Amino acid sequence: SAAAASSSSAAASSAPPAPSAPRLPESRLFELLPDGRTVHKEAPPPTGGIAAVAEALERVGLENYVAAFDAEGFDDIEFLLGLDSAERAAVATATG
């Protein structure tokens, strides 16, 4: 039984080391912190936030949807203005 224990420990020690996690490519926009969190290297450019989205919705009579846009995270007017018709339909579905 002692011989079996020593042979199994010998087999375990001869096993190759576990592969390390793959390294991510260097990013212009993000930095990986030692604790594993990812943060912006620089603050993203301002997009007007939900105030700009609210203003745009008010201009087209959809001010009742401001809270839904905010709750779903659609607070970047530049992003919203760049959507195609299918993407706009998905936003409409998500916001009610």
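Data block above holds the structure.
Right, let's walk through the structure included here. Every chain is numbered independently, its residues counted from 1 as its sequence is written. Restriction of local features to residues with pLDDT of at least 70 applies here, the model being predicted, together with a cutoff of 80 or more for giving and counting side-chain atom pairs; totals for whole chains, interfaces and linings are based on all residues. Calculation of side-chain values draws on the structure's entire complement of heavy atoms; hydrogens and water are dropped beforehand.

### Some words on the packing of aromatic side chains
The description of two aromatic rings rests on the distance between their centres and on the angle between their planes. What counts as a ring pair is set by centres within 6.5 Å for rings of Phe, Tyr and Trp (its six-membered ring), and what kind of pair is set by the plane angle: stacked under 30 degrees, edge-to-face over 60, tilted for all other angles. Here the structure, examined in full by the defined rule, presents one aromatic pair. An angle of 65° between the planes, with centres 6.1 Å apart, marks the rings of Phe69 and Phe74 as edge-to-face. For the pair Phe69 and Phe74, a shared accessibility class is recorded, and that class is buried. Here the term buried applies to any residue with accessible area under 20% of the maximum for its type, exposed to any over 50%, and partly exposed to those in between, with areas from a 1.4 Å probe on protein chains only.

### Section: the nonpolar core
Think of a nonpolar core as a cluster: buried Ala, Val, Leu, Ile, Met, Phe, Trp, Tyr and Cys residues, connected wherever their side-chain atoms sit within 4.5 Å. Listed in full, the 11 residues of the largest apolar core are Val53, Ala54, Ala56, Leu57, Val66, Phe69, Phe74, Ile77, Leu80, Leu83 and Val91. Residue contributions to this core peak at four residues, all from helix H2 (residues 49–59). Helix and strand definitions follow DSSP, with helices as H or I runs of at least four residues and strands as E runs of at least two, each counted in order from the N terminus.

### A word on the environment of Ala56
Tracing the chain through its elements places Ala56 in helix H2. Between the alpha carbons of Ala56 and Ile77 there is a distance of 8.1 Å; along the sequence they are 21 residues apart.

### Quick look at the pattern of salt bridges
For salt bridges, the criterion is a side-chain nitrogen of Lys or Arg within 4 Å of an Asp or Glu carboxyl oxygen. By the definition in use, this model includes two salt bridges. With a shortest N-O distance of 2.8 Å, Asp35 and Arg37 are connected by a salt bridge. A salt bridge links Arg59 to Glu55; the nearest nitrogen and oxygen atoms lie 3.0 Å apart. Highlighted residues: Arg59 and Glu55, both in helix H2, separated by four residues, approximately one helical turn.

### Thoughts on a nonpolar patch on the surface
Residues enter patches when their relative accessible area tops 30% and they take part in no salt bridge; the joining distance is 9 Å for like charges and 5 Å for the nonpolar side chains Val, Leu, Ile, Met, Phe, Trp and Tyr. Surface accessibility follows the Shrake-Rupley procedure with a 1.4 Å probe radius. Residue values consider only the protein chains on display as shielding. Residues Val60, Leu62 and Tyr65 make up a contiguous nonpolar surface patch of roughly 260 Å² in combined accessible area. Secondary-structure assignment places Val60 in the loop between H2 and helix H3 (66–71).

### Description of H2
Taken residue by residue, H2 has Val53, Ala54, Ala56 and Leu57 as its buried positions. Summarising the axial view, the buried residues of H2 lie within an arc of 165°, below the 170-degree limit, and thus occupy one face. Exposed positions of H2 whose direction lies more than 90 degrees from the buried face are Ala51 and Arg59. Each element contacted by the buried residues of H2 is listed here: H3 and helix H4 (77–81). Gly61, located one to two residues past H2, shows a positive phi value of around 75°. The arc in question is the one spanned by the directions pointing from the helix axis to the C-beta atoms. Whether two residues are in contact is decided by their heavy atoms: any pair within 4.5 Å suffices.

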